[in-house]
Amino acid sequence: MASTDPELLRALEHANLPSLVPVLHQLTGDRRWLRDPYRPTRSRGMDDNDQGGFAPGVAAEIRTAVAAAVAAHDAGRPPAVPAPTGEALRELLELANGEPVAPEYAEMLAEDMGFAPAPARVAPGTGIDAVVIGAGVSGMLAAIKLAEAGIAHVVLEKNDDVGGGWYENTYPGAGVDTPSQLYSYSFHPRDWSTHFGKRDEVQAYLRDVADTHGLRDRIRFGTEVVGADWDDERGTWTTRTADGAAFTSRILVSATGALNRPRVPDIPGLDTFAGPAFHTARWPADLDLDGRRVAVVGAGASAMQVVPAIAGRARELTVFQRSPQWVAPNDVYFTPVDPAVAVLMARVPFYRRWYRARLAWNFNDRVHASLQVDPEWEHPQRSVNAVNDAHRRVFTRYLESELDGRPDLVAKALPTYPPFGKRMLLDNGWYRALRRDDVTLVTEAVAEVTPTGLRGDGGTEVAADVVVLATGFHTHRYLWPIEIRGRDGVRLDDVWGPEDARAHLGITVPGFPNLFVTCGPGTVLGHGGSYITIAECQVRYLVDLVVTMAEKGLRSVEVRPEVEAEWTRRHDEAHARMLWTHPGMTNWYRNAAGRVVCTMPWRIVDYWRMTRAADLADFRAEPAR
Ligand code: NAP
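Every value quoted in this text rests on a predicted model; they were computed, and no experiment measured them.

### Overview of the overall build of the protein
- A tally of regular secondary structure across the protein gives 18 helices and 21 strands.
- Partitioning the intrachain contacts of the protein with sequence separation of at least 6 by distance along the chain shows that 73% fall at a separation of at least 24.
- Computing the positive centroid from 68 side-chain charges and the negative centroid from 81, the protein places the two 2 Å apart.

Encoded structure:
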């Protein structure tokens with residue numbers, strides 16, 4: 001049946017063609033769509049590969065066939081392949097991605113795509129309840145999933161709204177650098193206005209999630225947690241807040257994030273500066289930069305966004321860069337999403353799922369193998385293996401083209417360490433901002449601040465009216481400054497020390513029964529992907545365990561020390577073979593002793609499998625008294 005639906009036909013002109021071909025097979029059941037000439041090419045790098053490498057005639061044929069299949073579907077014909085799983089899904093994933101896909105990805109994506117959703121488990125009504133600390137991405141998710149499992153809970157949030165880091169980071173240019181269709185909960189899609197959502201839209205999304213799921217009734221806003229104590233007699237946690245209130249619960253879920261406590265460097269004289277001096281996560285709402293001299297300290301992900309956003313507004317902008325960053329190009333970083341795409345998402349069955357699945361494939365684990373150190377590699381100073389070296393060449397060529405004619409800037413901005421050694425950044429106009437006449441790049445750390453300016457450790461003096469500290473976060477001190485006391489009053493801070501946190505799966509700690517940490521040690525993604533995927537793994541795991549507790553009438557579960565020790569051993573062993581222990585750079589992933597504390601050494605698909613269901617044998621489970 002040919003379609004004459006003009007809205008759909010117009011929208012199909014904006015389709016990602018590799019996402020349409022599996023849709024065609026699902027709607028029609030026709031296997032010819034799985035073969036040439038309908039097989040797209042693979043994406044190169046982070047490119048969406050919208051045209052799929054198809055000849056124009058083939059592209060037109062695909063669009064016409066989709067329009068016809070959607071018309072038939074709208075007229076009542078059910079999809080021929082409504083929920084592919086296993087080998088059938090793997091075959092379609094290979095089709096959509098234009099390259100081999102291992103079976104484990106089909107298993108993971110069957111769940112994410114909703115073809116084989118994880119079975120919902122509901123706790124029997126045994127009075128088990130939870131306190132969740134934080135209403136950011138992880139805390140909101142925990143609240144949604146605890147509610148689905150029938151577990152009563154309250155969320156304690158220090159801010160006046162949901163969003164966590166997204167609520168707090170209002171600096172100009174703030175936004176995601178993971179595609180927004182992937183940086184969304186799997187169960188709550190949005191039609192994003194740009195491929196990489198900016199902060200206000202991410203915050204609007206999270207507010208929408210809170211409203212849709214009725215979270216606000218269960219969140220105490222303006223309630224800062226200062227401590228929590230385990231009571232072994234009663235088998236409960238007592239969570240204390242800054243205003244003197246206490247909340248007792250069987251379960252405690254920490255959802256305070258890894259990037260929540262701003263790290264303000266201890267620079268001599270900083271407190272004497274006459275003008276505004278603040279951390280990027282504390283951007284003053286009423287700050288006017290017009291005509292002022294601004295100094296930015298730092299050149300990480302936050303600086304990368306803030307500098308291009310304020311260049312041109314500030315009269316002079318000086319960036320203090322202690323070490324340069326690798327920057328990858330991305331053609332669609334600022335590109336608005338055509339409104340026609342929302343029509344496709346709404347009207348073409350399965351299209352949104354395939355679009356997201358392709359993003360997951362391209363962004364999740366694709367570079368993971370290239371971050372393994374090749375002991376035979378001949379150039380270990382500059383890269384860790386041949387593929388990593390090829391990445392280096394691509395990013396170097398890009399840098400040189402962006403800074404063409406400015407050898408001074410090339411020399412300052414080109415890193416010596418291997419790509420991905422620090423967190424990889426996407427270019428959002430960084431190099432172009434550096435080229436401006438009103439922007440100066442000083443390759444020095446700040447040694448001193450005076451009332452009127454800054455002095456670098458190489459002696460460069462810069463006059464400034466405003467100082468922006470893009471200096472990152474306390475990433476090693478999980479939960480800090482909240483004081484958590486577990487069994488026998490032992491402080492979590494004493495167990496972990498200031499920078500050596502460790503937890504089984506990044507979630508559970510011996511001596512701290514019924515405490516579950518999200519975004520904990522060893523679970524930050526350094527190689528790619530969306531943190532929300534990891535949060536969904538962690539929350540599923542902890543809810544699974546709490547439901548099991550309720551079913552079995554357990555008062556507490558406490559991970560066995562040997563299980564956590566084995567996890568940490570494997571974690572450290574995996575890291576020893578990976579890039580982030582390379583001596584050529586600093587990064588916020590590892591501690592002063594060189595141990596990688598924050599980042600996950602495994603692929604996302606591995607972590608998905610590890611956290612798929614909680615194994616009670618890993619825990620000392622105490623029955624109700
Ligand atoms: P960061 O990556 O830790 O960068 C901090 C910067 O400050 C580094 O350039 C560091 O230099 C510099 N610095 C620290 N102390 C200094 C001093 N005393 N003098 C001079 N320079 C100093 O922090 P961030 O940029 O806030 O990013 C943190 C993380 O947040 C990111 O890695 C990312 O995971 C997340 N984030 C993501 C986005 C996004 O999605 N687009 C945006 C912002 C943040 P060294 O490199 O030499 O240490």
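### Some words on the packing of helix H4 (residues 86–97) against helix H5 (residues 103–112)
- Interhelical geometry of H4 versus H5 gives an angle of 100 degrees and a closest axis separation of 9 Å. The angle between H4 and H5 places the two elements in the roughly perpendicular class. Note on element contacts: H5 touches H4 through Pro103, Tyr105, Ala106, Leu109 and Ala110, opposite Gly86, Leu89, Arg90 and Leu93.
- Along the lines of polarity and charge, the residues of the contact of H4 with H5 split into 7 nonpolar, 1 polar and 1 charged.

### Concerning the side chain of His279
- Examined against the element boundaries, His279 turns out to sit in strand S8 (residues 277–279).
- Looking at His279, its side chain comes within polar contact range of the main-chain oxygen of Gly472, at 2.7 Å.
- With sequence-adjacent residues up to four places away left out, His279 is seen in contact with Pro262, Arg263, Val264, Leu469, Thr471, Gly472 and Phe473.

### Focus on the pairing of strand S15 (residues 453–456)
- Where strand S14 (residues 446–450) lies against S15, 4 bridges are found, and the strand directions are antiparallel. Among the inter-strand pairings, Thr450 is bridged to a residue of S15, identified as Gly453.
- Where S14 folds back onto S15 in an antiparallel hairpin, the turn is made up of 2 residues.
- Pairing analysis gives 3 bridges linking S15 to strand S16 (residues 461–463), with the strands arranged antiparallel. Note that in S16 the partner of Leu454 across the bridge is Val462.
- Two successive antiparallel strands, S15 and S16, enclose a turn made up of 4 residues, where Gly459 displays a positive phi of approximately 100 degrees.

### A short note on the domain arrangement of the protein
- Assigned domains of the protein: these are domain 1 (6–117 + 333–363), domain 2 (130–261 + 475–556 + 599–618) and domain 3 (270–326 + 380–469).
- Each of domain 2 and domain 3 was reduced to a C-alpha centroid, and the two centroids are 32 Å apart.
- Taken residue by residue, the interface counts 14 residues in domain 2 and 14 residues in domain 3.
- Interface of domain 2 and domain 3: buried area, both sides summed, is about 1100 Å²; carbon and sulfur atoms make up 46% of it.
- Of all residues in domain 2, the largest losses of buried area upon contact with domain 3 belong to Tyr171, Pro172 and Asp177, amounting jointly to 53% of the total for that side.
- Where domain 2 meets domain 3, there are 2 salt bridges.
- Between Arg282 and Glu168 there is a salt bridge, with the nearest N and O atoms lying 3.3 Å from each other.
- Grouping the constituent residues of the side of domain 2 that touches domain 3 by class yields 5 nonpolar, 6 polar and 3 charged.

### Looking at the sheet that holds S14
- Strand order in this open sheet of 3 strands is S14-S15-S16, and the pairing throughout is antiparallel. Because the sheet does not close on itself, it has two edges, and the strands there are S14 and S16. Neighbour to neighbour, the strand axes of the sheet diverge by 20 degrees on average, direction disregarded.

### Looking at the site of the ligand
- As a structural note, the neighbourhood of the ligand is formed by 25 residues, with Ser302, Ser323, Lys422, Arg423 and Trp588 the closest of them.
- A distance of 2.9 Å separates a nitrogen atom of the ligand from a polar side-chain atom of Gln305.
- Between the ligand and Gly472 there is a distance of 3.5 Å, counted from an oxygen atom to a backbone nitrogen or oxygen.
- With 3 residues, helix H9 (residues 301–310) is the single largest residue contributor to the shell around the ligand.

### Here's the deal with the sheet that holds strand S18 (residues 483–485)
- Taken in spatial order, the 4 strands line up as S6-S5-S4-S18 in an open sheet, and their pairing is mixed. Of all the strands in the sheet, the pair left with one neighbour each is strand S6 (246–249) and S18. Sheet twist, expressed as the average angle between the axes of neighbouring strands with direction ignored, equals 15 degrees.
- Pairing between strand S4 (residues 225–231) and strand S5 (residues 236–241): 6 bridges, direction antiparallel. Pairing of Ala228 across the sheet is with Thr239, part of S5.

### Some words on the pairing of strand S7 (residues 251–254)
- In S7, alternate side chains face the same way, and those of Ile251 and Val253 on one face and Leu252 and Ser254 on the other are all buried.
- Judged from the 4 bridges that link them, strand S1 (residues 129–133) and S7 form a sheet pairing that is parallel. Counted as the bridge partner of Ile133 is Ser254 from S7.
- Where S7 and strand S19 (residues 515–517) come together, 3 bridges link them in parallel fashion. Across the sheet, the residue bridging to Val253 is Phe516, located in S19.

### Some remarks on the pattern of salt bridges
- In the structure shown here, the tally under the stated rule is 53 salt bridges.
- Across the pair Glu566 and Arg569 runs a salt bridge whose closest N-O atoms are separated by 2.9 Å. Taken as a pair, Glu566 and Arg569 lie in helix H17 (residues 561–576) at a separation of 3 residues, close to a single helical turn.
- Overall, the relative accessible area of 41% leaves Arg569 in the partly exposed class.
- Through salt bridges with shared partners, one network takes in Arg477, Glu483, Arg485, Arg491, Asp493 and Asp494.

### Overview of the nonpolar core
- One finds Leu20, Ile62, Tyr185, Val348, Tyr351, Trp354 and Ile484 to be the most contacted residues of the largest nonpolar core, which totals 160 residues.
- The greatest single-element share of this core, amounting to 14 residues, is contributed by helix H16 (residues 531–552).
- Leave out the neighbours within four places in its chain, and Tyr351 touches Ala15, Asn16, Ser19, Leu20, Val23, Leu344 and Met345.
- By size, the runner-up hydrophobic cluster in this structure holds 35 residues, among which are Leu289, Val294, Leu434 and Val468.

Procedures and definitions
- Residues numbered from 1 in each chain as written.
- Predicted model: local features only at pLDDT ≥ 70, side-chain atom pairs only at ≥ 80, totals over all residues.
- Heavy atoms only, no water.
- Helix = DSSP H or I, 4+ residues; strand = E, 2+ residues; numbered from the N terminus.
- Contact = heavy atoms within 4.5 Å.
- Lys, Arg positive; Asp, Glu negative; His and termini not counted.
- Charge placed at Lys NZ, Arg CZ, Asp CG, Glu CD.
- Axes fitted to C-alpha atoms, helices over the stretch in contact; angles between N-to-C directions.
- Parallel < 35°, antiparallel > 145°, perpendicular 65-115°, else oblique.
- Nonpolar A, V, L, I, M, F, W, Y, C, P; charged D, E, K, R; others polar.
- Polar contact = N/O pair within 3.5 Å; in protein donor to acceptor, adjacent residues only side chain to side chain.
- Pairing = 2+ DSSP bridges.
- Domains from an automatic or database assignment.
- Buried area = accessible area lost by both parts, 1.4 Å probe.
- Salt bridge = Lys/Arg side-chain N within 4 Å of Asp/Glu carboxyl O.
- Near = heavy atom within 4 Å.
- Buried < 20%, exposed > 50% of the residue type's maximum accessible area, 1.4 Å probe, protein only.
- Core = buried A, V, L, I, M, F, W, Y, C linked by side-chain atoms within 4.5 Å.

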